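# Topology and contacts: notes
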There are 2 protein chains.
Amino acid sequence: MEAVAEQSKSALKKAEKQAKLAADKAAKAAKKTNLPVVGGKKTDDIIGITVSKEENFSAWYQEVVLKSEMVEYYQEISGFFVLRPLAMHVWSTIRKWFQEHIEAMGVDEASFPLFLSSKSLDKEKDHVEGFAPELAWVTKAGDKDLEVPVAIRPTSEAVMYPYYAKWIRSHRDLPLRLNQWNSVVRWEAKQTTPFLRTREFLWQEGHTAHLTEELAGKEVLEILELYAGVYEQLLALPVVRGRKTENEKFAGGYYTTTVEGYVPTNGRGIQGATSHCLGQNFSKMFDITVEDPANKGSHVHVWQNSWGLSTRVIGVMVMVHGDDKGLVLPPRVAKVQTVLIPVGINKNTTAEDRKKHEAQLDAIQSTLRKAGIRAESDWREGYTPAWKFNDWELKGVPLRIEFGPKDAAKEVVSYARRDTGEKGTIPVGEVDSKIPELLETIQKDMYTKAEASFREHRLKITKWDEVLPALDKKNVVLIPFCLGGKCEDRIKELTTRADDQPDVPENQKLPSMGMKSLCIPFEQPEGPELVAGETDCLNPECQGKAQKWVMFGRSY
Amino acid sequence: MEAVAEQSKSALKKAEKQAKLAADKAAKAAKKTNLPVVGGKKTDDIIGITVSKEENFSAWYQEVVLKSEMVEYYQEISGFFVLRPLAMHVWSTIRKWFQEHIEAMGVDEASFPLFLSSKSLDKEKDHVEGFAPELAWVTKAGDKDLEVPVAIRPTSEAVMYPYYAKWIRSHRDLPLRLNQWNSVVRWEAKQTTPFLRTREFLWQEGHTAHLTEELAGKEVLEILELYAGVYEQLLALPVVRGRKTENEKFAGGYYTTTVEGYVPTNGRGIQGATSHCLGQNFSKMFDITVEDPANKGSHVHVWQNSWGLSTRVIGVMVMVHGDDKGLVLPPRVAKVQTVLIPVGINKNTTAEDRKKHEAQLDAIQSTLRKAGIRAESDWREGYTPAWKFNDWELKGVPLRIEFGPKDAAKEVVSYARRDTGEKGTIPVGEVDSKIPELLETIQKDMYTKAEASFREHRLKITKWDEVLPALDKKNVVLIPFCLGGKCEDRIKELTTRADDQPDVPENQKLPSMGMKSLCIPFEQPEGPELVAGETDCLNPECQGKAQKWVMFGRSY
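The model shown is predicted, which means the values in this text are computed figures rather than measured ones.

### A closer look at the overall build of chain A
- A count of helical and extended segments in chain A gives 16 helices and 23 strands.
- Its C-alpha radius of gyration of 26 Å places chain A within 12% of the 24 Å reference for a compact globule of 556 residues.
- Projected onto its principal axes, the C-alpha positions of chain A cover 90 × 60 × 60 Å.
- Across the 556 residues in chain A, those meeting the buried criterion constitute 56%.

Listed below in structure tokens is the structure:
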């Protein structure tokens, strides 16, 4: 554990350093946002983001998720985070949407225990090997040692499949399709980051069994399409659907399909969610068979899938949409979609006028709520409207409505979009139709913008020398590739930059990270540059012929 | 752990013994239900319940939850259970209902880590003391020892409240109301039972902070009313609302309110769910304060509540409604509300007639689904209609629809209610209105029956000598009670039967369990028998005066 502790310490130092750098900007930021400044230093009262997204992406991200009140660091145990209501609203929206869709497909809900025994772990050693260093072991209950220690699930294949063997007795029991929403624990040694890499995370894990490869394969793609839907329809994020290479597929599985996202700020790819066909590998390990309906007397092993989507999706959403003012939430997943802020009320306002104004704003809020909008009003006293604007911008609320005596006189509300900053007015009598429309426009525009960015940074490359410059310009690349595992390893090495920039200041150095394959996109580029089996693999050292366009990139 | 292992072994032996006793009935039961009998012995193929609810309640319960496919015993680690789709459907229905209601109250969703550190445990020793023997300790990650072991949450006060102290800075941050849906682990040494006592269980835990006792107290009762709603409106179970005595309240809390259920078969009370006012006890331990808005400069500790409802509710539902055929599910929580079973189709049916019949049944199913009914058809081949009837009765489906050529000729469907066995017919053209009505009637009748049983077995007792006979007749009792803790302990002792039945066969002995207080019902009986402070406490040894009618009983 020392290594872990050391890593955490160094991470902490790094964070402290970043905080200090950030402090210098605090006065400026504070001025800009009308915040109280205490001795020119960053204080807890400075609500704005003090780091620029472009300049220090990692520090920016950590500030945003913390200050927007999405997460809280769990001080007691490193690598764990509290998910606060803002984040949980996004997750529960996803949960509802996905649950409805899989229910309609006939997937049932189940809940298997948190623990697995060392005995069942032995059954599937290959699969478990990857998780072994990260297993959390319970060895004591109260003050008594357990006879046999038990591990907390890092994923539930070993917990569930013995029961699949028990429950599946005949082809009539197929398909068996179960999903559970739970948390899993992987005691990461690497530096943890909220949502992206945490020692506990929330996810759903679906585990299904089918009679044939074809039936299993059909489901794999149906689920993948739902995962794409979570990104595209709810989170306003574009993804590329594809298949993982052999190197990158789920250990122990047959093949893995994936939706891959893209983070414009650093040009990295990020795995969105994966839907695996396990083939018959696990059914052989766990002895899950049925009598072959086509060949009485003989038994066949069932075909299995597993598929999972985790709270990581929230991190991708923050990284892509957020800006220097903080979080930017897509309206469909925002806990508060529209915030109403009273303006133009001051010491000179009479009590009567104030009361009238309150009643008007209440009526607007009530109209919006009836129209199905999650609307809140900010009546907090002791804060200026400007402070409130910043606070709700930080929290990513998609649409701000300002309403003052001048608006009232014109019978309009003034609005400001969080995503573009665009301002305008809407007649009070039309808020119930115009505001839902505007929110949908915001949702669509956010997707369009992110999609354009991903499309523009997904470059078809046919010359090896162009790869590294393309990566440095924050692109991911589509290259003709032989699909070979060793070739893929070598490509990573060849694109890993030796420290060849000794004179360049630390924060201007180009990334040294090599690229790995993200997926073999289902949608292959057309054109004569790649003829499968004839065109050379792009790796100059490779003797093989390209089979497919494969998306490579620096990645999370 | 040896003690635990011993207990498990003895439990296992007991279960084996029960299974053997049950086997003797198997042939009879099998005959009754048209099941295959293998050498007159119980086999896995015997789907019916082999034990009578009245004769061996505990064995009956275990058979029902297992054979109806609500749960599976987790063989790998004792005390854990798999919740299968039938059970999860009940739970997720409850979850949706409760979640909607607390959302409307303004309670937000959060997710706190699974673990607590020994440091935060130290902060609230009194509260933790009760849980200490049941804490599961993680001491290793991979093959490395953790520097500081961490415990899995048995409940989350110690995980959450340090953050309440951090987040609550001003009375404007109040109320803070968070709820989480998760699982907790309590490594019980006692014999475990599905749903009722398990080492891991699903629940929700709400934790809120308020400025005043009054505001906290209001919420305590609002939540209690929702808990009553889960029982009464969803599970068709009656409960008595009340307050726990000092002896029975939540350790570390201020006062506890509860809904109490009743199991007619053994006359025991069972705690349904509890809503606690913690007072300022925890806010003092965790230093959760705000500036007093009424007295600037001085700080006040916040008033806190916590409230929880667990999967135990499912166990109560099974125990009360189930019968010798198996589970009986209230329609509102049944995964399948209506099962359609084709009858009268046999070897002599022409292919054409068969096809026509299938189309008719499909049309009925489709009509029902459009009417919002969860309807399934059982087209399994190789099983007789009678076998299917038994199978769906075992699984508790509220309404069976039979449809054969004779029904088709009359343009009706035949139905059988699971709760009463009542049969009848409904015109095919009216199923979309009559069947939803019938399901609501079943729901209401199930409640009415259970409510009458609880009411009839809740006896007002004013003579001490009548207490034990009343308990032996499966009643709970309402008695004038002084509310004293020691007196309550003594009442339990006085009602614990020494083994005074040496000549009575084991299975005819009256229970030896003493009674404890279930609650002080909010709704107190009227009448002259109790004048608070004047009437004597019913305990003949007690010198005190009765304050309230208190419900006592043998209990879970």
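So, next bit.
### Digging into the packing of helix H2 (residues 57-67) of chain B against helix H9 (residues 312-321) of chain B
Residues and elements named next belong to chain B.
- Packing of H2 against H9 brings their axes to within 11 Å, and their N-to-C directions diverge by 115°. Judged by the angle between their axes, H2 and H9 are roughly perpendicular. Here the hand of the crossing between H2 and H9 comes out right-handed. Here H2 contributes Phe57, Trp60, Tyr61, Val64 and Val65 to the contact with H9, which in turn contributes Gly315, Val318 and Met319.
- Among the residues making up the contact of H2 with H9, the classes are represented as seven nonpolar, one polar and no charged.

### Thoughts on the interface of chain A and chain B
- Listed as interface residues are 60 residues of chain A and, on the opposing side, 60 residues of chain B.
- In this structure, the connection of chain A to chain B is made through four salt bridges.
- Between Asp108(B) and Lys335(A) there is a salt bridge, with the nearest N and O atoms lying 2.8 Å from each other.
- On the surface where chain A and chain B come into contact, there are 28 residue pairs in polar contact (both at pLDDT 80 or more).

### Focus: the pattern of salt bridges
- Enumeration over the complete set of coordinates arrives at 70 salt bridges over all chains.
- Between Arg455(A) and Glu451(A) there is a salt bridge, with its nearest N and O atoms 2.8 Å apart. Residue Arg455(A) and its partner Glu451(A) are located together in helix H14 (residues 431-456), separated by four residues, close to a single helical turn.
- Asp445(B) is the salt-bridge partner of Arg417(B), the closest N and O atoms lying 2.8 Å from each other. Linking Arg417(B) in strand S18 (residues 412-417) with Asp445(B) in helix H13 (residues 431-456), this pair joins segments that are 28 residues apart in sequence.

### Remarks on unusual backbone geometry
- Along the chain, Leu174(A) connects to Pro175(A) via a cis peptide bond; the corresponding omega equals -10°.
- Structurally, Pro175(A) is set in the loop between helix H7 (157-167) and strand S7 (176-185).
- Here the phi dihedral of Glu411(A) falls at roughly 55°; this positive angle occurs in a residue that is not glycine.
- Positionally, Glu411(A) belongs in the loop between helix H13 (405-410) and strand S18 (412-417).
- Under the relative-accessibility criterion, Glu411(A) is labelled exposed at 60%.
- We note that Asp287(B) has phi near 60°; this positive angle belongs to a residue other than glycine.

### Here we look at the relation of the copies chain A and chain B
- Relative to chain B, chain A is turned by 180° and slid 0.0 Å along the rotation axis, the superposed coordinates differing by an RMSD of 0.0 Å. Taken together, these values place the two copies in the relation of a two-fold axis. Ranked by how close their C-alpha atoms come to the rotation axis, the residues of chain A are headed by Val138(A), at 2.1 Å.
- Same-surface contact between copies: 100% of interface residues of chain A are shared with the interface of chain B.

### What to know about the sheet that holds strand S23 (residues 548-553) of chain B
Residue and element names in this part refer to chain B.
- Taken together, eleven strands build an open sheet; the order of strands is S3-S7-S8-S14-S11-S10-S9-S22-S23-S21-S20 and the sheet is mixed. With partners counted over all chains shown, the strands left at the sheet margins are strand S3 (108-109) and strand S20 (458-460), one partner each.
- Across the sheet, helix H6 (residues 157-167) touches strand S7 (176-185), strand S8 (200-210), strand S11 (268-279) and strand S14 (303-310), and the angle it forms with S7 is around 160°.

### Concerning the sheet that holds strand S20 (residues 458-460) of chain A
All names here are of chain A.
- Ordered by their spatial adjacency, eleven strands build an open sheet running S3-S7-S8-S14-S11-S10-S9-S22-S23-S21-S20, and the pairing between neighbours is mixed. Of all the strands in the sheet, the pair left with one neighbour each is strand S3 (108-109) and S20.
- Summarising the sheet, strand S9 (residues 240-243) and strand S10 (residues 255-263) pair through four bridges and their orientation is antiparallel. Bridge pairing in S10 places valine 240 opposite glutamate 260.
- Contacts from H7 reach S7, strand S8 (200-210), strand S11 (268-279) and strand S14 (303-310) within the one sheet, and its direction differs from that of S7 by about 160°.

What counts as what
Residues numbered from 1 in each chain as written. Chains lettered and ligands numbered in written order. Predicted model: local features only at pLDDT ≥ 70, side-chain atom pairs only at ≥ 80, totals over all residues. Heavy atoms only, no water. Helix = DSSP H or I, 4+ residues; strand = E, 2+ residues; numbered from the N terminus. Rg over C-alpha atoms; globule rule 2.2 N^0.38 Å. Buried < 20%, exposed > 50% of the residue type's maximum accessible area, 1.4 Å probe, protein only. Axes fitted to C-alpha atoms, helices over the stretch in contact; angles between N-to-C directions. Parallel < 35°, antiparallel > 145°, perpendicular 65-115°, else oblique. Left-handed = near helix turned anticlockwise from the far one by under 90°. Contact = heavy atoms within 4.5 Å. Nonpolar A, V, L, I, M, F, W, Y, C, P; charged D, E, K, R; others polar. Salt bridge = Lys/Arg side-chain N within 4 Å of Asp/Glu carboxyl O. Polar contact = N/O pair within 3.5 Å; in protein donor to acceptor, adjacent residues only side chain to side chain. Least-squares fit on C-alpha atoms with pLDDT ≥ 70 in both. Pairing = 2+ DSSP bridges.

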